[in-house]
Amino acid sequence: MLKKNDYSPSITSLKNLNIHYTLDFPSEVYTLVQLERGLILIGLGDGSIYFYRVENITKHFFILKADENPILNIIELKNGSIVCTTNAPSICTISEHPQNKNEYQVEKRINTKFQGKQINKIIELENENLISVDNAYISLWSNKLDLIKEKKINSPIIDVIELNKKKFVCAMPMKKCVKYYENDNLNQKYEIKNIKFIQNAEFNNIFCILNDELLFIGGCFGCIYLVNIKYNEFVANVKLGDKRQIITSVYNLPNGDLLCGGSLVIDDSNKVVDVVSDLIQYKYKQYQNYFREVYRKKGIHSNIIRDLKEIINYKKMKEIVTVSLDGKVILLNE
């Protein structure tokens, strides 16, 4: 939730970016967030959260062992609270230690009822309530983590995004659909079927909104989908050139282009033997029915790119960060 006013212009071209630093971790990396005050938090598969100051991204200043299970999401709420989720499944709030300076603690932990599964995503709505999705439920929370309402789905939900003040949409690979729900009561409003999702809960950043008009949907073999938000109808089913490629994460650049983590799954008799992940920029022009690859950095990770972020460094320059299950975080700038 870092405010980006008075900083350098946003990045618009992958071609001009170069890797300037790589962070290596002892476990898979699932999530990264930059707080409004500049701290960078990175969540790992071993249940730890690494804390960095923006002035020294090469060395962490604190490690919090928040759980024994992977830290799947970390978000900063509008009220300044830090919330993380695990596949225990649990939701935790993280706060500064009241006595020990520069140390952090788990202040509150909620273990959800659906034990043995995982909370795949949590987001804050515009009204400051939270939505979490797991392998069976959609849950509505207050920003103090009081449960308001929940809805049993009985199917994994891998991603969720708010479309406007009234509705949000969920991705359900097992049901091969996306479903729209009302923000305040979780009532289902609409369903779009026959989406060829990969049945993998690791892809939980496959949604983004283009030009306030289109919902981008990744996480499918060899294609992406574009859906008109206002009319709830397909605009395009775009082929990616290689039917083995999967968009595992997406970030909407300020110029309207898309920055994507794309994995090429190389398999033998349906057994995955290798994953090669590229960083790819796509350009889309809605009224010209135009969608094409602009530039690609090949082999940037050896496992899926789970998340993409734009951060601001100590020079107040913007950088792109890639987060991968190969245990690396890569920073790129011009």
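The model shown is predicted, which means the values in this text are computed figures rather than measured ones.

Q: Before we move on, can you summarise the overall build of the protein chain with the specific residues and values?
A: Within the protein chain one finds zero helices and 28 strands. Taking the principal axes of its C-alpha atoms as reference, the protein chain extends roughly 60 × 45 × 45 Å. Within the protein chain, buried positions represent 57% of all 334 residues. Put simply, 44% of the contacts in the protein chain that link residues at least 6 apart link residues at least 24 apart. Counting every atom, the protein chain has about 15,000 Å² of accessible surface; 44% of that belongs to carbon and sulfur. Of the side chains in the protein chain, 44 bear a positive and 39 a negative charge, and the two mean positions are spaced by 4 Å.

Q: Give a description of the sheet that holds strand 11 (residues 130–134) that names residues and reports values.
A: Pairing within the open sheet is antiparallel, and its four strands lie in the order 10-11-12-13. Looking along the sheet, the strands with just one partner apiece sit at the ends: strand 10 (119–124) and strand 13 (147–152). For this sheet the average axis-to-axis angle between neighbouring strands, irrespective of direction, equals 15°. As paired strands, strand 10 and strand 11 are joined by five bridges and run antiparallel to one another. Its bridge partner lying in strand 11, Ile-119 is registered against Asp-134.

Q: Please provide a residue-by-residue account of unusual backbone geometry, values included.
A: Note that the residue after Ala-88, namely Pro-89, is joined by a cis bond; omega there is 0°. Relative to the elements of secondary structure, Pro-89 occurs in the loop between strand 7 (82–86) and strand 8 (90–96). A positive phi is found at Glu-128, a non-glycine position, where the angle reads about 80°. Position of Glu-128 relative to the elements: it lies in the loop between strand 10 and strand 11. Of note, the phi angle at Asn-194 is positive, near 65°, even though the residue is not glycine. Mapped onto the elements, Asn-194 comes out in the loop between strand 17 (188–193) and strand 18 (207–210). For Asn-194, a relative accessible area of 66% puts it in the exposed group.

Q: Got a sec to walk through the packing of aromatic side chains? Specific residues and values, please.
A: If you walk through the whole model with that rule in mind, you get eleven aromatic pairs. Taking 6.2 Å as the distance between ring centres and 65° as the angle between the ring planes, the aromatic pair formed by Phe-51 and Phe-61 counts as edge-to-face. Of this pair, Phe-51 sits in strand 4 (residues 48–52) while Phe-61 sits in the loop between strand 4 and strand 5 (62–65); the two residues are ten residues apart in sequence, bridging distant segments of the chain. By relative accessible area, which is 0% here, Phe-51 ends up buried. The partly exposed category is assigned to Phe-61, whose relative accessible area is 22%.

Q: So what's going on with the pairing of strand 14 (residues 159–162)? Residues and values would help.
A: Side chains Asp-159 and Ile-161 of strand 14 all project onto a buried face; the interleaved residues Val-160 and Glu-162 project onto the opposite face, where all are buried too. Where strand 14 and strand 15 (residues 167–172) come together, four bridges link them in antiparallel fashion. Of the residues in strand 15, the one forming a bridge with Glu-162 is Phe-168. Joining the antiparallel neighbours strand 14 and strand 15 is a turn of four residues.

Conventions we followed
Residues numbered from 1 in each chain as written. Predicted model: local features only at pLDDT ≥ 70, side-chain atom pairs only at ≥ 80, totals over all residues. Heavy atoms only, no water. Helix = DSSP H or I, 4+ residues; strand = E, 2+ residues; numbered from the N terminus. Buried < 20%, exposed > 50% of the residue type's maximum accessible area, 1.4 Å probe, protein only. Contact = heavy atoms within 4.5 Å. Areas by Shrake-Rupley, 256 points an atom, 1.4 Å probe, with all protein chains shown as cover. Lys, Arg positive; Asp, Glu negative; His and termini not counted. Charge placed at Lys NZ, Arg CZ, Asp CG, Glu CD. Pairing = 2+ DSSP bridges. Axes fitted to C-alpha atoms, helices over the stretch in contact; angles between N-to-C directions. Phe/Tyr/Trp six-rings, centres within 6.5 Å; stacked < 30°, edge-to-face > 60°.

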